[in-house]
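# Analysis of the macromolecular model
The primary structure of each chain is shown beneath.
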Amino acid sequence: MVEIKTDAALETMRESGRVTARALAAVREAARPGVSLRDLDEIAHAVIRDAGAKPAFLDYHPGFAPTPYPGVICASVNDAIVHGIPTDYRLRDGDLLSVDCGAYLDGWASDSAISFTIGEADAEDQRLLDTTREALNAGIAAAVVGARIGDIAHAIGRVARTAGYGIPDGFGGHGIGRRMHEAPDVPNEGRPGRGYPLKHGLVLAIEPMLLAGGRDDYHPAADGWTLRTNDGSRAAHFEHTVAITNEGPRILTLP
Ligand code: MF3
Ligand code: CO
């Protein structure tokens, strides 16, 4: 069932999104060679705790996962696409890091992700990062009253495929509200004019993940959580929680 949010709920989700955005900004600020993924997890945890919010990912146990999630962030390095566990791995110059984070504030969830390189990006990584951000922006621009989920999916997929990148199927965006994952699903590729119609008060997490090698296939790592590209190519992931409103798409996960 799709839950339409009241305007008061959208205000609270905006505050939740602000907390998540601040946690991601703190992680990005701290990420440099020698810093471990676990260090970054602690930084995000402190920001969320100090805001009076709760980490949305910690202990989350969806059907596809073998164990409750052990972190506050997902930290996915290089060929890891999403759901990388924050381990003792220390970042190195040139790593491509995707960080995903979520929070609950007053019972309302937010979910957002950024990707960046440690040190300067080479041309290939830069193109992957720019294209994945562009795919997110295209998806957000399509999130308007009167359009459908398929219009968002199509907008994302077109940017990705035009650039020659792969799109992992089976993972994508989702409705979000009192729970982090709600109906409807928001695929990263699809046909315009199809799917659930977008209305004022619908809130979606839109999250393209693009694979540099151009293939769509991936596999879970031994930890059961981390998803890696099958060809070893790098992946990028950007995500915002977005409210559909009569005034246009409202990004809730900005600082
Ligand atoms: N943005 C990610 C998603 O919607 C958040 C995953 S949280 C985790 O899949 F706990 F499942 F890792
Ligand atoms: Co999400």
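These remarks concern the structure in this document. Here the structure is a predicted model, which means the values were calculated and not measured. Counting from 1, residues in each chain are numbered in the order their sequence is written. Key to labels: chains lettered from A, ligands numbered from 1, both in the order written. Local features are withheld for residues below a pLDDT of 70 in this predicted model, meaning they are given only at 70 or higher, and side-chain atom pairs are given and counted only at 80 or more; totals for whole chains, interfaces and linings count all residues. Note that the side-chain values use all heavy atoms of the structure and ignore hydrogens as well as water.

### What about the site of ligand 1?
Being near a molecule or strand, for a residue, means having at least one of its heavy atoms within 4 Å of it. Inspection of the region around ligand 1 gives 13 residues, with Asp-100, His-174, His-181, Glu-207 and Glu-239 positioned closest. A distance of 2.7 Å separates a nitrogen atom of ligand 1 from a polar atom in the side chain of Asp-100. We call two N or O atoms a polar contact when they sit within 3.5 Å, provided that within protein one can donate a hydrogen and the other can accept it, with sequence-adjacent residues counted only if both atoms are side-chain atoms. A distance of 3.0 Å separates a nitrogen atom of ligand 1 from a polar side-chain atom of Asp-111. Expressed as a share of its isolated accessible area of 340 Å², the protein-covered part of ligand 1 is 96%. Gly is placed with the polar residues, together with every amino acid not listed as nonpolar (Ala, Val, Leu, Ile, Met, Phe, Trp, Tyr, Cys and Pro) or charged (Asp, Glu, Lys and Arg). Taken together, the residues that form the shell around ligand 1 break down as 6 nonpolar, 3 polar and 4 charged. Only the protein chains shown count as cover for residues, and all accessible areas are computed by the Shrake-Rupley method using a 1.4 Å probe.

### Concerning the nonpolar core
As a rule of thumb, nonpolar side chains are buried together in soluble globular proteins. Core analysis: the largest hydrophobic core is formed by 55 residues, its most contacted members being Leu-40, Leu-97, Ile-152, Leu-204 and Ile-206. Elements with a minimum of two residues in this core: α1 (7–30), α2 (37–50), β2 (73–77), β4 (96–105), β5 (108–117), α3 (123–141), α4 (149–162) and β8 (203–206). Beyond its immediate stretch of four places on either side in the chain, Leu-204 contacts Ile-149, Ile-152, His-174, Gly-175, Ile-176, Pro-184, Val-186, Leu-198, His-240, Thr-241, Val-242 and Ile-244. Nonpolar core, defined: a set of buried Ala, Val, Leu, Ile, Met, Phe, Trp, Tyr and Cys residues in which side-chain atoms within 4.5 Å join the residues together. Only protein chains enter the accessibility calculation, which uses a 1.4 Å probe. A residue is then buried if its area is under 20% of the maximum for its type, exposed if over 50%, and partly exposed in between. Residues Ala-56, Ala-109, Ala-205 and Leu-252 belong to the second largest nonpolar core, which totals 18 residues. Secondary structure elements are taken from DSSP: a helix is a run of H or I of four residues or more, a strand is a run of E of two residues or more, and numbering for both begins at the N terminus. By definition in these notes, contact holds between two residues if any of their heavy atoms fall within 4.5 Å.

### Notes on the packing of α3 against α4
For helices, the axis comes from a line fit to the C-alpha atoms of the stretch in contact; other axes are also lines fit to C-alpha atoms, and the angle between any two N-to-C directions lies between 0 and 180 degrees. It is the contact of α3 with α4, at a shortest axis distance of 8 Å, that shows an interaxial angle of 160°. Compared by their axis directions, α3 and α4 come out roughly antiparallel. Relative to α4, α3 is oriented so that their crossing is right-handed. Here Thr-131, Glu-134, Ala-135, Ala-138 and Gly-139 of α3 come into contact with α4, specifically with Ile-152, Ala-155, Ile-156 and Val-159. Looking at the contact of α3 with α4, its residues break down into 6 nonpolar, 2 polar and 1 charged. Just so you know how the angles are binned, under 35 degrees is roughly parallel, over 145 roughly antiparallel, 65 to 115 roughly perpendicular, and the rest oblique. Each helix crossing is assigned a hand: it is left-handed if the near helix lies turned anticlockwise from the far helix by less than a right angle, otherwise right-handed if that turn is clockwise.

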